[in-house]
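Coordinate inspection notes
Residue-level listing of the chains:
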Amino acid sequence: MTGIINVVQSPLFAKQKKKLTKRQITQLDKAVRIIIANPETGTPKAGDLKGVLVYKFRIERNQILLAYEIVESTMYLYTFGVHENFYRSEEHTSELQSH
């Protein structure tokens, strides 16, 4: 796999990120840098989410799941959130994969 050159945020991802505090944004950005350094660090999903990887990390005391996809040298950031609401919102955004 080639290195990541571009990072593209979905509108949903950008909207969610705006709601975070500066400290939480720092933790989210750290998780994104970890993924850029090792793009296959996430867990591959199946079914409707085939091709999407999910990386788990913590913001404060909450476990956060971040959905992303690597296409050639571009990383697409789809959504992130706590586990309870994550898969419900991710299934609704699966149409984002048609880029």
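Here's a quick rundown of the structure. What you see is a predicted model; the values in this text were computed from it and never measured.

About the criteria used
Residues numbered from 1 in each chain as written. Predicted model: local features only at pLDDT ≥ 70, side-chain atom pairs only at ≥ 80, totals over all residues. Heavy atoms only, no water. Helix = DSSP H or I, 4+ residues; strand = E, 2+ residues; numbered from the N terminus. Buried < 20%, exposed > 50% of the residue type's maximum accessible area, 1.4 Å probe, protein only. Polar contact = N/O pair within 3.5 Å; in protein donor to acceptor, adjacent residues only side chain to side chain. Pairing = 2+ DSSP bridges. Contact = heavy atoms within 4.5 Å. Axes fitted to C-alpha atoms, helices over the stretch in contact; angles between N-to-C directions.

Here we take up the environment of Glu-69. Along the chain, Glu-69 falls in strand 4 (residues 62–71). Exposure remark for Glu-69: the relative accessible area of 11% places this residue in the buried category. Here the side chain of Glu-69 touches Tyr-78 through a polar contact of 2.3 Å, side chain to side chain.

The 5 strands are arranged 1-5-4-3-2 in an open sheet whose pairing can be described as mixed. Here the strands that pair on one side only, and so sit at the sheet edges, are strand 1 (6–9) and strand 2 (43–44). Examined bridge by bridge, strand 2 and strand 3 (residues 53–59) share 2 bridges and lie antiparallel to one another. Paired with Thr-43 across the two strands is Val-54, which belongs to strand 3. Sheet contacts for helix 1 (residues 11–18): strand 1, strand 4 and strand 5 (74–82); angle to strand 5, the most-contacted strand, approximately 50°. Against the sheet, helix 2 (residues 22–37) makes contact with strand 1, strand 3, strand 4 and strand 5, and its axis sits at roughly 145° relative to strand 3, the strand it touches most.

In terms of burial, strand 3 is largely enclosed, as 5 of its 7 residues are buried. Where strand 3 folds back onto strand 4 in an antiparallel hairpin, the turn is made up of 2 residues, including Glu-60, whose phi is positive at roughly 55°.

The phi torsion at Glu-60 lies on the positive side, around 55°, for a residue other than glycine. By relative accessible area, which is 46% here, Glu-60 ends up partly exposed. A positive phi is found at Glu-72, a non-glycine position, where the angle reads about 55°. Summarising the element assignment, Glu-72 is placed in the loop between strand 4 and strand 5.

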